[in-house]
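Okay, here's what each chain looks like letter by letter:
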Amino acid sequence: METKMYLNLAVKELNKSIKFFNELGFPVNPKFTNEKGACIIIGENINLMILAEEFYQTFTDKKICDSHTTSEALISISLDSREQVNEMIDKAVKAGGTDYKREQDYGWMYQRTFLDLDGHHWEVFYMDETQIPEQM
């Protein structure tokens with residue numbers, strides 16, 4: 001069996017979050033979706049589980065952080081070009097997200113950042129591994 005990754009995030013309004021990620025081009029896997037949470041397909045073996053806060057809380061005794069004011073994780077997604085990075089940021093902003101940080105262009109890597117509706121931090125980047133400097 002291939003290893004799959006399921007990233008779980010708490011969200012305040014499940015349906016709005018589903019719509020947000022759909023507008024970025026990420027479909028829902030209905031097999032793992034109900035009124036408490038949704039499975040968003042990010043890649044072949046990468047899934048995002050967006051869980052209503054009340055349901056998310058059943059998996060942990062820890063307090064759910066306010067991701068608008070506290071950093072819980074930096075989630076990174078690689079894309080195939082700089083243009084795709086810019087398109088993803090444009091889609092995120094149009095869907096209600098926030099263009100969070102100034103673009104970073106290292107020549108061999110181009111990166112932009114958005115915050116989703118719940119303030120989760122997403123790094124979107126394109127990297128040309130053939131251009132990585134020998135000394136990092």
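Our subject is the structure listed above.
Just so it is clear, the structure is predicted and the values come from calculations on it, not from any experiment.

Across the sheet, four strands lie side by side as 5-8-7-6; this open sheet has mixed pairing. Either end of the sheet is taken by a strand with one partner, and the two such strands are strand 5 (74-78) and strand 6 (98-105). The mean angle between the axes of side-by-side strands here comes to 20 degrees, regardless of whether they run parallel or antiparallel. Where strand 7 (residues 109-115) meets strand 8 (residues 121-127), seven bridges bridge the pair, whose relative direction is antiparallel. Paired with tyrosine 110 across the two strands is tyrosine 126, which belongs to strand 8. Most of the contacts of helix 3 (residues 82-94) go to strand 7, to which it runs at about 10 degrees, and overall it touches strand 6, strand 7 and strand 8.

Further remarks concern the packing of aromatic side chains. By the definition in use, this model includes seven aromatic pairs. The interplanar angle of 80 degrees and the centroid separation of 5.1 Å between the aromatic rings of phenylalanine 55 and phenylalanine 59 together place this pair among those described as edge-to-face. For phenylalanine 59, a relative accessible area of 58% puts it in the exposed group. When the centroid spacing of 6.0 Å and the interplanar angle of 5 degrees are considered together, the rings of phenylalanine 114 and tryptophan 122 count as stacked. For the pair formed by phenylalanine 114 and tryptophan 122, the shared burial category is buried. In textbook terms, an aromatic cluster arises when at least three aromatic residues are bridged by ring pairs, as seen for Phe20, Phe21, Phe114 and Trp122.

Rules and cut-offs
- Residues numbered from 1 in each chain as written.
- Predicted model: local features only at pLDDT ≥ 70, side-chain atom pairs only at ≥ 80, totals over all residues.
- Heavy atoms only, no water.
- Pairing = 2+ DSSP bridges.
- Helix = DSSP H or I, 4+ residues; strand = E, 2+ residues; numbered from the N terminus.
- Axes fitted to C-alpha atoms, helices over the stretch in contact; angles between N-to-C directions.
- Contact = heavy atoms within 4.5 Å.
- Phe/Tyr/Trp six-rings, centres within 6.5 Å; stacked < 30°, edge-to-face > 60°.
- Buried < 20%, exposed > 50% of the residue type's maximum accessible area, 1.4 Å probe, protein only.

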